[in-house]
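# An overview of the molecular structure
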Amino acid sequence: MATVEEAAGSVRDYDRLIEAIAARQDREAFAALFGHYAPRVKAFLMRSGTPADLAEELAQETMVTVWRKAALFDAARAGASAWIFAISRNLRIDAARRQRREALHALAEEPEAELAAAPDHDMVAAERQQRVRAALDHLPGEQRRIVELSFFEGRAHGDIAGLLDIPLGTVKSRLRLAMNRMRALLGDLI
């Protein structure tokens, strides 16, 4: 039987390394997998626009997830590379969503003094809210419901799929269509 180094070095059988991690929490297999994939995941994240420090953090988190969820890996469904990069992509998406939510919460928690400084703020906000509601009324019902669940109730796409009993891809497609329509209707607000 080949050593971990031989499996990773000559055969490049990273599927077996993940299986070794799952079966016996093989630290050598994980070290070999980490050494190969961590820099590649970081580079992938940076190419997709993620800042270097966050890319490093997400690469580490990706590899920790590989360690924790190695038992879920199925070589028949996807190879090690596809599985690992899917994990990193999902973590990047989750991080971007967290950043957006934090930014929205920060805007919502502006001190009253700043709001009082702009006397027309309430009028502008009311007008903006009215335009958004009118644009929502132009959406088909299934798209409007997904927008409301996602943006007004803050639900994750997976939760929406479960709640509405539709595939996750359908949720994402409807949301994308709705946002394109909203952008067309509210171009100057977005």
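See the structure shown above.
What comes next is a walk through the structure. The structure displayed is predicted, hence computed values, not measured ones.

### A few points about the overall build of the protein
Per the secondary structure count, the protein includes ten helices and zero strands. Going from N to C terminus, the protein has its helices and strands arranged as α-α-α-α-α-α-α-α-α-α. Across the 190 residues that make up the protein, the buried fraction comes to 28%. Contacts spanning at least 24 positions in sequence make up 54% of the contacts within the protein whose residues lie at least 6 apart. Of the roughly 12300 Å² of accessible surface on the protein, a fraction of 53% belongs to carbon and sulfur atoms.

### Let's talk about the pattern of salt bridges
This structure, assessed with the given rule, holds four salt bridges. A salt bridge links Arg 155 to Glu 153; the nearest nitrogen and oxygen atoms lie 2.9 Å apart. Residue classification places Arg 155 among the partly exposed positions, given a relative accessible area of 34%. Classification of Glu 153 by relative accessible area gives partly exposed; the value is 45%.

### Things to note about the nonpolar core
The nonpolar side chains of a soluble globular protein tend to be buried, and buried together. Formed by 26 residues in total, the largest nonpolar core has its most connected members in Ile 18, Leu 33, Tyr 37, Met 63, Trp 83 and Ile 84. Contributing elements (two or more residues each) for this core: helix H2 (14-24), helix H3 (27-47), helix H4 (52-69) and helix H5 (80-108). No other element matches H3, which puts seven residues into this core. Met 63 has contacts with Phe 30, Leu 33, Phe 34, Tyr 37, Ala 38 and Ile 84, leaving out every residue within four places of it along the chain. One finds Ile 146, Val 147, Val 171 and Leu 175 within the second-largest nonpolar core, a separate group that totals 14 residues.

Thresholds, definitions, all that
Residues numbered from 1 in each chain as written. Predicted model: local features only at pLDDT ≥ 70, side-chain atom pairs only at ≥ 80, totals over all residues. Heavy atoms only, no water. Helix = DSSP H or I, 4+ residues; strand = E, 2+ residues; numbered from the N terminus. Buried < 20%, exposed > 50% of the residue type's maximum accessible area, 1.4 Å probe, protein only. Contact = heavy atoms within 4.5 Å. Areas by Shrake-Rupley, 256 points an atom, 1.4 Å probe, with all protein chains shown as cover. Salt bridge = Lys/Arg side-chain N within 4 Å of Asp/Glu carboxyl O. Core = buried A, V, L, I, M, F, W, Y, C linked by side-chain atoms within 4.5 Å.

Read these as spatial facts, not as claims about activity.
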